[in-house]
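Report on the structure
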Amino acid sequence: MGWDGMANNGEEQGGLPAYPGMGAFVDALQELIRQPRRRRGWLPVVLLRDPEGGSAECARLGPALRDWLGGQDAPLARHAYLERVPEGAGSLAPFTALDRQLKETSRRCGEGRLRLPALWLLMTVARARPELRTDHLRPRALRDHCYAEFRTTSMLARILWDLGGHARESDGGGNVLGLIWHALSAWLFQWLPRWWFGVVMRRRLRWFTRWGKDQLGRAQQGPFSLFAYAQELVPGETEADGAQERQKALYRVLAQALLQDLEQAVARRPLNPWRRRRRNRFVLLFVGVGDKDSREQQLVRELRTWAGRRGCTSALVVATGVTSLAERVQDLTVPDFTGAATALRDSMRRAPEASGMVVRVPAGPAADESARYELGLRPRLVVPVPRYGPATELAGGMAGAALACAGIAAAAVLGPLPLGEDDPCRGSTFLGADGSCVGVQDTQVVKNAKVRDVLDQIERENADIEEATADWSGDDPRPLPRTVVYVGTLSGAEHELDPVLGGTLAELRGILLAQRLTNDQALEGEERVPLRLVVADAGQRFQDAPEVAHSIVELAERDPSIVGVIGMGQSRDTTYAALETLSTAGLPVIGTSGTADELLEHGNHYYQIAPTNSRAGAAMAEFAANAEMVTVEEGSVRARQSLLVVDPDDSYSSSLGLAFTNGYSAERTRTLLYSPVDGNPDDDVPPIEGESQASLQNLAREVCSELSREPRTAVVWTARGSEIVPFLDEMDRLSRQCPRLTMLGGDEVTNVRISESHPWDAFDRLSLYFVVGGAGPLLEKIAGTEEVSVEGRDFYQAYHSAYDETDDAVTRALASDAHPALAWDALRYLSSAVDQAWVTTGLSNRRLDRDLVQGVLYQGLGDGGFEGATGWIDSSGVENDRRTGDKLIVIVRANREAPTEEVMACGILTRDDNRQRWGENEEFPCPAPDRP
């Protein structure tokens, strides 16, 4: 970027007046304009006021800022410059000027044609004839009018319409042949494009229909619902010119449209070279906005209001010449440009406290020689000009795509080229979507040291069992080792919030201990089968699970010793696709920590170990309704209402959120929807209704506002655990308004507890409760009594002997994290099925295969079930639809230093211990069993 009019002799730089702190202020503006998209937050509007005494400093500062933004050879950023609109100009004049200048500077910046479809459509509605806007029974006529206006700007639409001919000779239809042609082709060239225009506009203006539904309190139905909302909510230009309230309503809707269009204009489109150049914010510069009742300041007020409410981050608004301010709008006042620079830089790191920042412009810059000298020392900034234009980039990309297609075709004809010996994945099946090695893993390619250590121990256990059974033959009455594949997410693990340090690492530890016990028992007799364990990486968030499932099927076709799969610990659409693939191939799958009910709908060879989301949600609703869980000044009390936080793009979160709402009072529940910016939306997500939040800052503000209004509010968190600590960081910044927070979470919260970033480090006034899908602290309590099952005692002893002296954090996790115990039970449950299948073969190695194991799992284990470390398990397919209806589920209260403590336990712990009531005096009934 460049300074216009740079001089080295102490003159003002770029025409900017040398006020004290002006250099720092301009630097802050430049940093905000250049701020990377992923780190942006919404910004306060900068309001520049003249000094006391009436000196017209803003009259020279506004044009100076415009000259600075204009640069030398190219604009520093896409911007629009709006002076006072002349008297008599229509209400749409400011938006027309903004539209024209933004498009012009976008072209000058080499960013192609800027499209503002929502602003154009709503301005077209405002300009339409009154009868089109008032005939609420015929919104279709308004749609047709808007399409007619669209044809004046779109050559393609105009050509297609002309190809369709005309219905009457007076319209240019010509002769009878022309009328016949129109009757035959109008549907293709006129009606279909006009219908598609309406579909596209409805998709682009979804925010408008949602806002219209909230404003009117009712929903418009039908294919023309967008235009029906527009008839009721968009005043006409002529009506707005004569009535201030109508003008306010018009500016309110058009300001939202402008902001939404600017957000869409900078959305990433990797294949569009013009769009890739849009890295900077738009700048809207208003000069001489006048008093609080002027139309310019009214427009600025609407922009600042809706930028904050909708979390719009793509625009920076600067207004000069402010003479009076609205009383009801919160502003932050800074004394000079130095304070303004500091406040602007603070807004880059955290959400601003106010939507407007008022800066008093000092009088007489010419007298401040130090400021003039400091401004003159600043180096010239050059506008970066790309070496190649967008058209050249596009041509190069098309040429590259053509070469790639030619290479693929050549490889298909000539066969794949032989790979060298230096395989970057070193034994893994293939490279995943993010470049990590996924598939059947080699220990050396795993980045995290803790995960690599567990994998090393699994490999040593595999080698030991191979050595111990090396002299056994196929005719030997002793069973040969069989292979089980574990599927989890091992990619990443480079920081403490990575899920590998949560669920996957804990599951691997539980599986290792179960494999050791299984093999020790197998070597002592002839009725238990030893097991090898193969670990496969499904990629971050299971994004490569379908491809990994195909590779496991291919491996199983070559290796008949593979008898089943365990894992699948995340409920995502990629997991569902992988289950379909494995079930089609006849491979039984035993789940570990996956809880979504939808898992059981994909593949008939999947068996659930953990409680389903239906059961967990019902338990959370029962607990939230009856437990004295909310901490207030008087002590612990029951919650009067709940704030439900759901990720609508995540299968697990939506499924658990719906289960909670089914059991909790709808009148006492408010649902907030938030999806992480870097998340990968699932395709097969149960729909859930709620209020969308654009960012974590917005979510934290909504929660804090509700807690300030009603302190006896419980926040029910069904989103992913990885978002909790960032959310608590935002809550900590608002702690003056909401000093306490009570949170009830699903089993995903264990991923926060097992990592080394405890949530109290972010928000120390937190009361935290969450679901544990197993015995949890119960196991710690009953380990030395007769109440515990044999498997529970074996798991407890093995866990403590393996980790008690080496990793204190893992020991503390035993009471709060069910991942190790669920993984233990998954392998032991599958091992029991393999053992029963072995006995039914008459101790014949040749007859033992995965089909026989699948039959045992479907019919159910011989003694009616399995007493596991996480409670009783009977997931047969005949009676229970591959799930345990009364599966033990525990809700715990987390403590900052001490282990968690059980506050609710429901379900079957052992064959003789079925817990059907909970509470200090067992005064509350447990949720009904989860039935298919």
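Residues numbered from 1 in each chain as written. Predicted model: local features only at pLDDT ≥ 70, side-chain atom pairs only at ≥ 80, totals over all residues. Heavy atoms only, no water.

What about the overall build of the protein chain?
- A count of helical and extended segments in the protein chain gives 31 helices and 28 strands.
- Taken over 932 residues, the protein chain has a buried fraction of 57%.
- The long-range share in the protein chain, meaning contacts at least 24 apart out of those at least 6 apart in sequence, stands at 72%.
- Counting only carbon and sulfur atoms, one obtains 50% of the accessible surface of the protein chain, whose full area is about 40300 Å². (Helix = DSSP H or I, 4+ residues; strand = E, 2+ residues; numbered from the N terminus. Buried < 20%, exposed > 50% of the residue type's maximum accessible area, 1.4 Å probe, protein only. Contact = heavy atoms within 4.5 Å. Areas by Shrake-Rupley, 256 points an atom, 1.4 Å probe, with all protein chains shown as cover.)

Thoughts on the nonpolar core
- Ranked by size, the top nonpolar core spans 89 residues in total, and within it Val703, Phe727, Met731 and Leu741 carry the most contacts.
- What Val703 contacts, discounting residues up to four positions off in sequence, is Leu643, Leu672, Val715, Phe727, Met731 and Leu741.
- Leu116, Val125, Phe227 and Ala230 belong to the second largest nonpolar core, which has 65 residues in total. (Core = buried A, V, L, I, M, F, W, Y, C linked by side-chain atoms within 4.5 Å.)

A look at the confidence of the model for the protein chain
- Put simply, the protein chain has an average pLDDT of 80, and 81% of its residues get 70 or more.
- Overall, residues 493–497 carries pLDDT values under 50, and its contacts beyond four positions in sequence, including any with other chains, amount to eleven contacts. (pLDDT = per-residue confidence, 0-100.)

Some remarks on helix 2 (residues 58–70)
- For helix 2, which comprises 13 residues, the first-to-last C-alpha distance of 18 Å matches the rise-based estimate of 18 Å (1.5 Å per residue) to within 8%.
- Of the residues making up helix 2, those classed as buried are Cys58, Leu61, Gly62, Ala64, Leu65, Trp68, Leu69 and Gly70.
- Looking at the residues trailing helix 2, positive phi occurs at Gly71, about 65 degrees. (Expected span 1.5 Å × (residues − 1).)

As for the packing of aromatic side chains
- Taken as a whole and assessed by the stated rule, the structure comprises 22 aromatic pairs.
- Aromatic side chains Tyr147 and Phe197 sit 5.4 Å apart centroid to centroid with 55 degrees between the ring planes, which places their arrangement in the tilted category. Here Tyr147, found in helix 6 (residues 139–151), pairs with Phe197, found in helix 8 (residues 176–204); they are 50 residues apart in sequence, far enough to count as distant. No difference in accessibility class separates Tyr147 from Phe197, as the two residues are buried.
- Within the aromatic cluster, the residues linked to one another by ring pairs are Trp120, Tyr147, Phe150, Trp161 and Phe197.
- Taking the ring centre of Trp161 as reference, the NZ or CZ of Arg151 above it sits at 3.9 Å.
- When the ring centre of Phe763 is taken as reference, the NZ or CZ atom of Arg765 above it lies at 4.6 Å. (Phe/Tyr/Trp six-rings, centres within 6.5 Å; stacked < 30°, edge-to-face > 60°. Lys NZ or Arg CZ within 6 Å of the ring centre and 35° of its normal.)

Topic: the pattern of salt bridges
- The final tally for this structure, using the stated rule, is 28 salt bridges.
- We note a salt bridge from Asp331 to Arg304, for which the minimum N-O separation is 2.4 Å. With Asp331 in strand 5 (residues 331–334) and Arg304 in helix 14 (residues 295–310), the pair connects residues that are 27 residues apart, well separated along the chain.
- Linking Glu730 and Arg733 is a salt bridge whose minimum nitrogen-to-oxygen distance equals 2.8 Å. One end of the pair is Glu730 and the other is Arg733, both in helix 25 (residues 724–733) and three residues apart, which spans about a single turn.
- Judged by relative accessible area, which is 43%, Arg733 ranks as partly exposed. (Salt bridge = Lys/Arg side-chain N within 4 Å of Asp/Glu carboxyl O.)

What to know about the sheet that holds strand 16 (residues 641–646)
- Spatial strand order, 18-17-16-19-20-21-24-25-26: nine strands in an open sheet with mixed pairing. Only two strands of the sheet have a single partner each, and these edge strands are strand 18 (691–692) and strand 26 (913–915).
- With five bridges joining them, strand 16 and strand 17 (residues 669–673) adopt parallel strand pairing. Counterpart to Val646 in the pairing with strand 17 is Leu673.
- Of the strands in this sheet, strand 19 (713–717), strand 20 (741–745) and strand 21 (766–772) touch helix 25, which is tilted by about 165 degrees from strand 20. (Pairing = 2+ DSSP bridges. Axes fitted to C-alpha atoms, helices over the stretch in contact; angles between N-to-C directions.)

Describing unusual backbone geometry
- Unlike most non-glycine residues, Met568 shows phi in positive territory, near 55 degrees.
- On the secondary structure map, Met568 appears in the loop between strand 11 (562–567) and helix 21 (573–584).
- Residue Met568 is classed as buried on the basis of its relative accessible area of 1%.
- You will see that Glu922, though not glycine, has its phi angle at about 55 degrees, which is positive.

Section: the side chain of Ser294
- Looking at the element boundaries, Ser294 is found in the loop between strand 3 (282–290) and helix 14.
- A polar side-chain atom of Ser294 sits 2.4 Å from the main-chain carbonyl oxygen of Val289.
- A distance of 3.2 Å separates a polar side-chain atom of Ser294 from the backbone nitrogen of Gln297.
- Each residue touching Ser294, except ones within four places of it in the same chain, is listed here: Arg84 and Val289. (Polar contact = N/O pair within 3.5 Å; in protein donor to acceptor, adjacent residues only side chain to side chain.)

So, a nonpolar patch on the surface
- A cluster of nonpolar residues, Trp187, Leu188, Trp191, Leu192, Trp195 and Trp196, forms a patch on the protein surface that exposes about 680 Å² of accessible area.
- Its place among the elements puts Leu188 in helix 8. (Patch = residues over 30% accessible without salt bridge, like charges linked within 9 Å, V, L, I, M, F, W, Y side chains within 5 Å.)

Observations concerning the sheet that holds strand 2 (residues 79–82)
- One open sheet accounts for six strands, arranged 2-3-4-1-6-5; its pairing is parallel. Where the open sheet ends on each side, the last strands, each with one partner, are strand 2 and strand 5. With direction set aside, neighbouring strand axes in the sheet form an average angle of 20 degrees.
- Sheet topology note: the strand 3/strand 4 (residues 315–322) ladder contains seven bridges and is parallel. The partner of Val283 across the bridge, within strand 4, is Leu316.
- Where helix 15 (residues 337–349) meets the sheet, it contacts strand 1 (45–49), strand 5 and strand 6 (356–360), and its direction lies at approximately 160 degrees from that of strand 6.

Here's the deal with the pairing of strand 5
- Looking at chain direction, strand 5 and strand 6 are connected through four bridges and run parallel. Looking across to strand 6, one finds that Asp331 is bridged to Gly356.
- In this fold, the crossover linking strand 5 to strand 6 by way of helix 15 has right-handed handedness. (Right-handed = clockwise from strand over helix to strand, strands pointing away.)

Focus on the side chain of Ser314
- Among the secondary structure elements, Ser314 is positioned in the loop between helix 14 and strand 4.
- Sequence-distant contacts of Ser314, that is, excluding residues within four places in its chain, are made with Arg40, Leu259, Leu262, Glu263, Val266, Arg281 and Phe282.

As for the state of the cysteines
- Summed over all chains, the structure comprises one disulfide.
- Disulfide pairing is shown between Cys906 and Cys926; the S-S distance is 2.1 Å. Since a negative S-S torsion denotes a left-handed disulfide, the Cys906-Cys926 link at about -80 degrees is left-handed. Here Cys906, found in strand 25 (residues 901–910), pairs with Cys926, found in the segment after strand 28 (924–925); they are 20 residues apart in sequence, far enough to count as distant. (Disulfide = S-S within 2.5 Å.)

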